[in-house]
Amino acid sequence: MLDNTRAVLTEDFTFPAGAATLSARLYTPPSTPDVAVVIHGATGVPRDYYKHFAHWLAAEQGMAVLTYDYRDFGHSLTGPMRDSQATMADWALIDMPAARSEMRRRFPSAQHWSIGHSVGGMLGPVQPDIDQIDRMICVCSGLVTLSDHPWPYRALATMFWYGHPPLLVKALGYLPGKALGFGSNLPARVYWQWRKWCTDPLNYVPEIGTSLPEARWAASKTPVDLFTTDDDQVVPPNAVWRLADLHGPKARRHQLSPKEFGLSEIGHIGAFARRNAAVWPRLIAPTNG
């Protein structure tokens with residue numbers, strides 16, 4: 001599956017996103033790409049997690065691929081995280097369109113794909129540039145709320161939103177994700193907005209969706225593929241289908257089972273892991289309609 005002998009040029013650079021500057025890495029194939037892809041990561045997952053998938057897209061599929069970190073996170077963090085004013089809405093409604101704008105600038109003749117993981121696809125219906133996206137692929141992205149999680153994971157999620165993590169955020173001015181075993185630290189306002197959405201039955205829709213024109217999702221002709229996995233406890237299938245409903249009848253729904261790929265598990269994060277590369281062709285496979 002992975003052929004690391006094929007030449008792929010990588011370039012590290014920064015690009016503007018509103019008042020912020022974001023850190024990015026571009027993977028370019030040897031020949032002129034017909035498709036330019038932006039990978040929008042999950043919450044708390046740095047851009048480097050997607051490097052093997054991005055390299056495969058460039059080397060094996062001939063696509064140009066951009067990975068990046070949201071403002072005040074990962075390589076894009078430039079000062080103390082406790083001073084950050086970034087919100088999850090900033091990530092979704094400013095940073096994501098800015099990344100795609102950078103790729104349109106660099107590859108004006110290519111098709112432009114948006115591949116979102118979790119939060120990277122969750123606000124797909126309200127993207128301000130949705131009609132400039134030639135294909136949107138959302139992986140484990142959904143309008144999740146506490147009641148969606150199966151037990152015992154629901155107990156862990158309840159603790160994350162109502163136990164000691166919010167107390168630590170108040171005390172420290174940021175979420176100490178590394179110390180909590182979450183994986184990455186997050187700005188406080190990102191955590192609070194994330195908490196608000198994940199404890200509301202309709203997630204972000206009451207706060208953001210109702211203030212934006214419905215045409216942004218109902219009338220858009222952008223092809224959308226939504227993928228869920230049988231073993232995702234973080235964003236279970238019913239939450240993914242709730243997001244699919246926002247996109248309307250054009251949304252194509254795909255439920256993946258680890259067994260069909262000869263895998264023991266995929267889960268919420270695993271679709272982009274190198275050990276699960278067998279899943280990757282399915283994520284980008286051509287679809288009818």
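Refer to the structure printed above.
A few points on the structure. (Residues numbered from 1 in each chain as written. Predicted model: local features only at pLDDT ≥ 70, side-chain atom pairs only at ≥ 80, totals over all residues. Heavy atoms only, no water.)

## Focus: helix α2 (residues 88–106)
Thinking step 1. Helix length check: α2, at 19 residues, gives a terminal C-alpha distance of 26 Å against a target of 27 Å (1.5 Å per residue), a fit within 8%.
Thinking step 2. Its axis deflected by about 30° at Asp 95, α2 carries its strongest bend there, up to four residues before the proline Pro 97.
Thinking step 3. Of all 19 residues making up α2, 14 are buried, and the element is well covered by its neighbours. (Helix = DSSP H or I, 4+ residues; strand = E, 2+ residues; numbered from the N terminus. Expected span 1.5 Å × (residues − 1). Bend = angle between axes of the 7 residues up to and from the residue. Buried < 20%, exposed > 50% of the residue type's maximum accessible area, 1.4 Å probe, protein only.)

## So, the packing of helix α5 (residues 164–172) against helix α7 (residues 188–198)
Thinking step 1. In the contact formed by α5 and α7, the axes pass within 10 Å of each other and the chain directions differ by 150°. In terms of orientation, α5 and α7 fall into the roughly antiparallel class. Where α5 crosses over α7, the handedness of that crossing is left-handed. Facing α5, whose interface residues are Pro 165, Pro 166, Val 169 and Lys 170, α7 presents Ala 188, Tyr 191, Trp 192 and Arg 195. (Axes fitted to C-alpha atoms, helices over the stretch in contact; angles between N-to-C directions. Parallel < 35°, antiparallel > 145°, perpendicular 65-115°, else oblique. Left-handed = near helix turned anticlockwise from the far one by under 90°. Contact = heavy atoms within 4.5 Å.)

## With respect to the packing of aromatic side chains
Thinking step 1. Tallied over the full model, the rule gives 20 aromatic pairs.
Thinking step 2. For the ring pair Phe 73 and Trp 91, a centre distance of 6.1 Å and an interplane angle of 50° mean the geometry is tilted. Placement of Phe 73 in the loop between β4 (64–68) and α2 and of Trp 91 in helix α2 is noted, with a sequence separation of 18 residues between them.
Thinking step 3. Classification of Phe 73 as buried rests on a relative accessible area of 5%.
Thinking step 4. Relative to Trp 194, the ring of Phe 160 lies with its centre 5.6 Å away and its plane at 70°, an arrangement referred to as edge-to-face. One end of the pair, Phe 160, is in helix α4 (residues 153–162); the other, Trp 194, is in helix α7, with 34 residues separating them in the sequence.
Thinking step 5. Phe 160 sits in the buried class, given a relative accessible area of 14%.
Thinking step 6. An aromatic cluster of three or more residues is present, and its members are Phe 13, Phe 15, Tyr 68, Tyr 70, Phe 73 and Trp 91.
Thinking step 7. Between the NZ or CZ atom of Arg 135 and the centre of the ring of Trp 113, over which it lies, the distance is 4.9 Å. (Phe/Tyr/Trp six-rings, centres within 6.5 Å; stacked < 30°, edge-to-face > 60°. Lys NZ or Arg CZ within 6 Å of the ring centre and 35° of its normal.)

## Some details on the pairing of strand β3 (residues 35–40)
Thinking step 1. Within β3, six of the six residues are buried, which leaves it mostly tucked inside the rest of the structure.
Thinking step 2. Judged by which residues are buried, β3 turns out to be covered on both faces: Val 35, Val 37 and Ile 39 on one side and Ala 36, Val 38 and His 40 on the other are all buried.
Thinking step 3. Examined bridge by bridge, β3 and strand β5 (residues 111–117) share six bridges and lie parallel to one another. Looking at β5, one finds that His 40 is bridged to Gly 116.
Thinking step 4. One ladder, built from four bridges, connects β3 with β4; its direction is parallel. Within β4, the position partnered with Ala 36 by the bridge is Ala 64.
Thinking step 5. Considered for its hand, the β-α-β crossover made up of β3, helix α1 (residues 51–61) and β4 is right-handed. (Pairing = 2+ DSSP bridges. Right-handed = clockwise from strand over helix to strand, strands pointing away.)

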